[in-house]
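Report on the structure
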Amino acid sequence: MSAAQSEKQTLFIASLIIFWYSSNIGVLLLNKLLLSNYGFSFPIFLTMCHMSACAVLSYVSIIFLKIVPFQRIKSRSQFFRIATLSIVFCGSVVGGNISLRYLAVSFNQAVGATTPFFTALFAYLITHKKESWITYGCLVPVVGGVVIASGGEPSFHLYGFIMCISATAARAFKSVLQGVLLSNEGEKLNSMNLLLYMSPIAVLVLLPATLVMEPNVIDVTITLAATQRYLVLLVLINSAMAYAANLLNFLVTKHTSALTLQVLGNAKGAVAVVISILLFRNPVTFIGIAGYAMTVMGVVAYGESKRRHK
C-alpha cells in the first residue's frame, strides 16, 4: 500500500470513528432532550420511531444501495429465533429510553457500563461458559463503582434506576442469546441484515404496546408540535441517527476490530458523560464521578483480562 493510499485509509477510518461517536452520543442526548426537556414523555413511541427508521433505512441500504450483501432467512426456526432476539432488543431499548426520563445521562451511562457483568453472568447461566478468576475479579469494581455512583447521585430515581439496570441486563442477554440462537454457521447473519429483520418485528411488537400504554401520544404530539416547532424534525433526526449508529457500528468493526470498538466504546461513555453535564447542567458529586471512574476502569481491566486469557 502506497503512502497516499495509507493516508486515505487512515482518514477514512478516523472519519468513520468521528461519525460513529457523533451518532451514538447524538441519539443519547436527543433522547434525553425529547423525553425530559421537551415534555415528549413517550419512550415506547420514540423507540417505535427508531425501529421504523431502522426498518426503512436498512431495506434501502441493503436492497438498493447494496452496502452489504442481502442474506435470506433459511428456515422458519431461524425466523422465530430472530423474532425472539427482536423482542429482547425491544425491551432493552425501551428500558433505556424510559430510564432517560428519570435519570441524568451521566448516571445512565454509569449504570450502562455494567454490561460486561451481566454478559458474564448470562454466559455462565445459559452456556456454562467460565472465565478465569482474575477476569471475574475485574467485575467487582464494575459493580462496586455503580453502587458508589448511586450513593453519590443527587438526582437518583429508583424507578429510573430499575429501568436502566433492566435495559443493561436485556442488552447483555441479547448478545449472549444471539451467540446461542444464531450459532449455526449457515444461519449466521451480519449485524446489518439482522437489523433488517429485527426492526419490522420490533415495530409490530411496539405498536400495540404504544396504543395500550401511551394511548394519547398522537394528541399530545400534535399539541406539542404546535408550540415546539422543531419537535417533529428532532424526532425524525433522532430516528435517522438511531439507524446511523447501527450502520457506523458495523462499519467501524469491519474496518478496525472488535477490540478497537470495545476501547472506543469505553471512551464514548466518558465523552457522553462530559457533554451531557455541560449541556444539561445536571449536578454531579465527587462520589458520583469516582464511582463512574471505578466502573470504567473495571470494564477496561475486564476487557484486557479476557483478551489475555483467551
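Heads up: the structure comes first, above all this text.
Keep in mind it's a predicted model, so treat the numbers as computed, not measured. (Residues numbered from 1 in each chain as written. Predicted model: local features only at pLDDT ≥ 70, side-chain atom pairs only at ≥ 80, totals over all residues. Heavy atoms only, no water.)

**Description of the packing of helix 3 (residues 76–102) against helix 8 (residues 158–181)**
Running from N to C, helix 3 and helix 8 point in directions that differ by 160°, and their axes come no closer than 7 Å. Looking at the two axes, helix 3 sits roughly antiparallel to helix 8. When the axes of helix 3 and helix 8 are compared, the crossing they make is left-handed. Counting all contacts with helix 3, which are made through Arg81, Thr84, Leu85, Val88, Phe89, Ser92, Gly95, Gly96, Ile98, Ser99 and Tyr102, the residues of helix 8 involved are Tyr159, Gly160, Met163, Cys164, Ala167, Ala170, Arg171, Phe173, Lys174, Leu177, Gln178 and Leu181. Taken together, the residues that form the contact of helix 3 with helix 8 break down as 13 nonpolar, seven polar and three charged. (Axes fitted to C-alpha atoms, helices over the stretch in contact; angles between N-to-C directions. Helix = DSSP H or I, 4+ residues; strand = E, 2+ residues; numbered from the N terminus. Parallel < 35°, antiparallel > 145°, perpendicular 65-115°, else oblique. Left-handed = near helix turned anticlockwise from the far one by under 90°. Contact = heavy atoms within 4.5 Å. Nonpolar A, V, L, I, M, F, W, Y, C, P; charged D, E, K, R; others polar.)

**Here we look at the nonpolar core**
Of all hydrophobic cores here, the largest spans 63 residues; its most connected members are Phe40, Ile82 and Met192. For this core, the secondary structure elements donating two or more residues are helix 1 (3–37), helix 2 (43–64), helix 3, helix 8, helix 9 (191–213), helix 10 (217–227), helix 11 (231–255) and helix 12 (258–280). Considering each element in turn, this core owes the most residues, eleven residues, to helix 1. (Core = buried A, V, L, I, M, F, W, Y, C linked by side-chain atoms within 4.5 Å. Buried < 20%, exposed > 50% of the residue type's maximum accessible area, 1.4 Å probe, protein only.)

**Side note on the side chain of Ser106**
By the secondary structure assignment, Ser106 is in helix 4 (residues 105–112). Using a relative accessible area of 7% as the deciding quantity, one classes Ser106 as buried.

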